[in-house]
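Examination of the molecular architecture
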Amino acid sequence: MDLLIKNGTIVTADSTIKADIAVTDGKIMAIGQNIKAENNTEVVDANGKLVLPGAIDAHTHLAMPFGGTISSDDYEAGTRAAACGGTTTVFDFVLQDFGENLVDAVKRRQAICDPQAVVDYAFHTGIKDVSGNLIDGIAESVEYGVPSFKVFMVYDFGVTDGTFYKVLQKSKEYGALIEVHAENNEMVNMFTKQFLEEGKTSAWYHYMSRPEFVEAEADVRAIQWAKSLNAPLYIVHLANAQGMAAVTKARDEGYPIFAETCPQYLYFTNEVYKREDGRNFVCSPPMKGQESQDALWEGIKRGDITTVATDHCPFQSYEKDWGKDDFSKIPNGCAGIENMYPYMLSEANKGRISFNKVVELCSTNVAKIFGCAPQKGMLVPGADADIVIYDPDKEFTITQDAMHSNSDHTIWEGAKLNGYPIATYSRGNLVYKDGEFLGKKGSGKFVKCKPIKLTSPSL
Ligand SMILES: [Zn+2]
């Protein structure tokens, strides 16, 4: 036995028990009462602390070429920040090039990620091109360990409706899961052009060019197509009330429709775009109004939000400044990888939802839906020892100085949290303790995911 975490309160998605966890060779060996340490076992006393599975961030864009630049966290910086926020696995988005085989795209990014990652990583592939026999790459990719694919309804790399539908058809055949960034591209482009012509150039018009209905309409359309095929669909970064209602309705009807939301939509509203530094909050979809935020929280409580993930995609201040006088020139994206678990756990600590619910949303459900449970997302014998020790009494105010990303600012500056992770273990190795990163570049491993043939809203 290498490690024994004693006397902690172990919180999983469905239970809370006071027990010890024994770790050997990076795996959980046993969970139980009064486990005895061996001669060389390192013993950690977690009395008064919560012991949680590490979070799994289902949505990150590390070193991503976007908006005329590259997101400012490479795989090392992004996974370092993840570890320091209690996240022990990250799913990164590979973006296929036109004409590129889907597995080749994964291998291309894996070659960059593998020597850098400090915690374990998995991929989803953003599909751009399914012409010719490229569509068959879905089957090959599922086999390789990447059974989830994303289509964008916006941006210059977005797909046509026909391609989206074709991908949904194929996904059913191979047990793959399709994720969608849902916003109406035509509307966004029309509004953007109109506002710029009218001299309306501030960050507020980023929101105004992508208001609630622009996202909701795309959600409804995407759900409609998935329903027509009875194919599973995962809506990434859901941020609006109408879309939430559409997800709930489809799930009530029994369809395998799933939604992810992000901490930034649960904490901020569109008011941030009126701030002097509003451009730092520019991401797509943008933060919405209070009504949408309330609907997302209700969706979480009802069980109609399946996961919470970050959409981590930071850009430096000077890059955000490109859009000082033209919102359309602001690179879209914010840092959040280090803030997700601490923020959600703090909300639980304040009594808004249970700690079990946070574990479910940020870890267990992610592992289940993307096919890496029980290796990830669960504290059970045989699982990877990805463990977070959380101090519910530690007060923490988020400041840029305390963050571990390469980003030079954080939209979470000044946010006050009740409780904070004090230690993170990645496969039994201590990678973070009391504010300090202790991991090693390149120690993260590729997590091979299995296809999950989802046929109903339950996991
Ligand atoms: Zn994203």
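To be clear, the structure that these remarks concern was listed above.
All of the points below concern the structure found in this document. (Residues numbered from 1 in each chain as written. Predicted model: local features only at pLDDT ≥ 70, side-chain atom pairs only at ≥ 80, totals over all residues. Heavy atoms only, no water.)

1. With respect to the overall build of the protein chain
Across its full length, the protein chain carries 13 helices and 19 strands. Relative to the compact-globule value of 23 Å for 459 residues, the protein chain shows a C-alpha radius of gyration of 21 Å, a close match. With the C-alpha coordinates aligned to their principal axes, the bounding extent of the protein chain is approximately 70 × 50 × 40 Å. Considering only intrachain contacts with a sequence separation of at least 6, the fraction spanning at least 24 residues in the protein chain is 75%. Approximately 16,400 Å² of the protein chain is accessible, and the part contributed by carbon and sulfur atoms is 49%. Where the 45 positive side-chain charges of the protein chain centre and where its 61 negative ones centre are 3 Å apart. (Helix = DSSP H or I, 4+ residues; strand = E, 2+ residues; numbered from the N terminus. Rg over C-alpha atoms; globule rule 2.2 N^0.38 Å. Contact = heavy atoms within 4.5 Å. Areas by Shrake-Rupley, 256 points an atom, 1.4 Å probe, with all protein chains shown as cover. Lys, Arg positive; Asp, Glu negative; His and termini not counted. Charge placed at Lys NZ, Arg CZ, Asp CG, Glu CD.)

2. As for the packing of aromatic side chains
Going through the model one piece at a time under the given rule, you end up with 26 aromatic pairs. Residues Phe-152 and Tyr-155 carry aromatic rings whose centres are separated by 6.0 Å and whose planes lie at 55 degrees to one another, so their mutual orientation is tilted. You'll find Phe-152 and Tyr-155 in the same group, each marked buried. Each residue in the set Phe-66, Phe-152, Tyr-155, Phe-157 and Phe-315 is aromatic and connected to the rest through ring pairs, giving one cluster. The ring of Phe-93 carries the charged tip of Lys-150 above its face, separated from the ring centre by 4.1 Å. (Phe/Tyr/Trp six-rings, centres within 6.5 Å; stacked < 30°, edge-to-face > 60°. Buried < 20%, exposed > 50% of the residue type's maximum accessible area, 1.4 Å probe, protein only. Lys NZ or Arg CZ within 6 Å of the ring centre and 35° of its normal.)

3. Here's the deal with the sheet that holds strand β12 (residues 177–181)
Here 8 strands make up an open sheet; going across it, the order is β6-β9-β10-β11-β12-β13-β14-β15 and the pairing parallel. Two strands close off the open sheet at either side, each with one partner strand: β6 (55–60) and β15 (307–308). Against the sheet, helix α1 (residues 75–84) engages β9 (87–95) and β10 (120–126), with an angle of about 145 degrees to β9. In this fold helix α7 (residues 212–229) packs onto β12, β13 (233–235) and β14 (257–261), with an angle of close to 170 degrees to the strand it touches most, β13. (Pairing = 2+ DSSP bridges. Axes fitted to C-alpha atoms, helices over the stretch in contact; angles between N-to-C directions.)

4. Quick word on the coordination of the zinc ion
Summarising the metal site, the zinc ion is bound by the protein donors His-59 (NE2), His-61 (NE2) and Asp-311 (OD), whose distances to it range over 2.0 to 2.2 Å. In the primary sequence, the donor residues of the zinc ion line up as H-x1-H-x249-D. Remark: Asp-311 occurs in the loop between β15 and α11 (317–320) and His-61 occurs in the loop between β6 and β7 (65–66); sequence separation between them is 250 residues. (Donors = N, O, S within 2.8 Å, 3.2 Å for Na, K, Ca; no water.)

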